[in-house]
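# Summary of structural features
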Amino acid sequence: MVFIKGVTSVLAASILSAAITTTASAETVNFVSWGGTTQDAQKAAWADPFTRDTKITVVQDGPTDYGKLKAMVESGNVQWDVVDVEADFALRAAAEGLLEPLDFNVIKRDRIDPRFINDHGVGSFFFSFVLGYNEGAVGGKKPENWSALFDTATYPGKRALYKWPSPGVLELALLADGVEKDKLYPLDLDRAFKKLDTIKKDIVWWGGGAQSQQLLASGEASIGQFWNGRIHALQEDGAPVAASWKQNLVMADMLVIPKGAKNKDAAMKFLANASSAKGQADFSNLTAYAPVNLDSVARLDSVLAENLPTAHEADQITLDYAYWAKNGAQIATRWNEWLVK
């Protein structure tokens, strides 16, 4: 009888252990990003190692959709756990009560560049808008800063600019018009749009990275505003393009957890992993976007490091995404009115 009771106890313990193991292995994080090569790199650098180490499955979803995130939170049916968003949206969403506060007992806040961390979001990566040009299309001349975009005599051809009303285009127009970098904000919208009027007929608008690359590599646009990682990728493929890092404009993506996320604890662990020194360095080495973790720079590929914003800080301008979070809706209205004039 004792023997049977002991066997029963062992079996019960085994079943309980198996149930716990099954529950742990069934834990998931639903990760949402922008798709394409960036999300592929996030999967390789963050999600796959995270799953191997924790047995927490990371389910990929996307693309990021701000309206959908808001609707989920407001309905109380949140399907996403971690979302990659633009920095200005992260602040705006936090102010609207759409995000969970981060647990800094799990996430090491003190090792993150203070530009890219707040109570509700940690940097995914940061990048620079740089002045890119097709070497053949500009006749061997080397443009140095944003004023070259507005010099159609010296640098003929179409100008490629980011079409969305977000940090970047208005700032570069003001810099080209002589505004000092520490005097950019609040943005002088009248002055910025007046400057853009001078090249409006020469602008080709791009809405995504692949489109921007095609415009520049083909020579359809001779010069323009580009994400630094896209220029680097073109150079790696042998395209005749180059970039000037003068007045490079820094912007960031942030990782956030929607309010009411079903897997909040696992999401916090995922954010800790993604923002770690190794996670950030691994992602940077795959993409040529810069790490937000201060300890990642030493882990970067020595050749690649020269093509990252972290190597071009001397003439760098960090765009004020807090300003955009507060004023973005008003700016977008004016932007859209100007586009159709």
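Keep in mind that this is a model prediction, so the values were computed, not measured.

This part takes up the overall build of the protein. Secondary structure assignment for the protein yields 11 helices and 10 strands. Here the C-alpha coordinates of the protein stretch approximately 100 × 40 × 35 Å along the principal axes. Within the protein, buried positions represent 50% of all 341 residues. Taking the contacts inside the protein whose residues are at least 6 apart along the sequence as the reference set, 71% of them involve residues at least 24 apart. For the protein, the accessible area works out to roughly 15,600 Å², and carbon and sulfur atoms hold 54% of it. Charge-centre separation for the protein: the mean point of 34 positive side chains lies 2 Å from the mean point of 41 negative side chains.

A few words now on the environment of Lys142. As for its placement among the helices and strands, Lys142 is situated in the loop between β5 (121-134) and β6 (158-162). On the basis of relative accessibility, which here comes to 63%, the residue Lys142 falls in the exposed class. For the pair Lys142 and Tyr155, spaced 13 residues apart in the sequence, the C-alpha separation amounts to 9.3 Å. When neighbours within four sequence positions are excluded, Lys142 is seen to be in contact with Tyr133 and Tyr155.

With that settled, consider the pairing of strand β2 (residues 57-61). Two strands pair when backbone bridges link them, and strand β1 (residues 28-32) and β2 are joined in this way by 5 bridges, in the parallel orientation. In the sheet register, Val29 faces β2, and the bridge partner there is Val58. For the crossover from β1 across helix α2 (residues 36-54) to β2, the handedness is right-handed.

What counts as what
Residues numbered from 1 in each chain as written. Predicted model: local features only at pLDDT ≥ 70, side-chain atom pairs only at ≥ 80, totals over all residues. Heavy atoms only, no water. Helix = DSSP H or I, 4+ residues; strand = E, 2+ residues; numbered from the N terminus. Buried < 20%, exposed > 50% of the residue type's maximum accessible area, 1.4 Å probe, protein only. Contact = heavy atoms within 4.5 Å. Areas by Shrake-Rupley, 256 points an atom, 1.4 Å probe, with all protein chains shown as cover. Lys, Arg positive; Asp, Glu negative; His and termini not counted. Charge placed at Lys NZ, Arg CZ, Asp CG, Glu CD. Pairing = 2+ DSSP bridges. Right-handed = clockwise from strand over helix to strand, strands pointing away.

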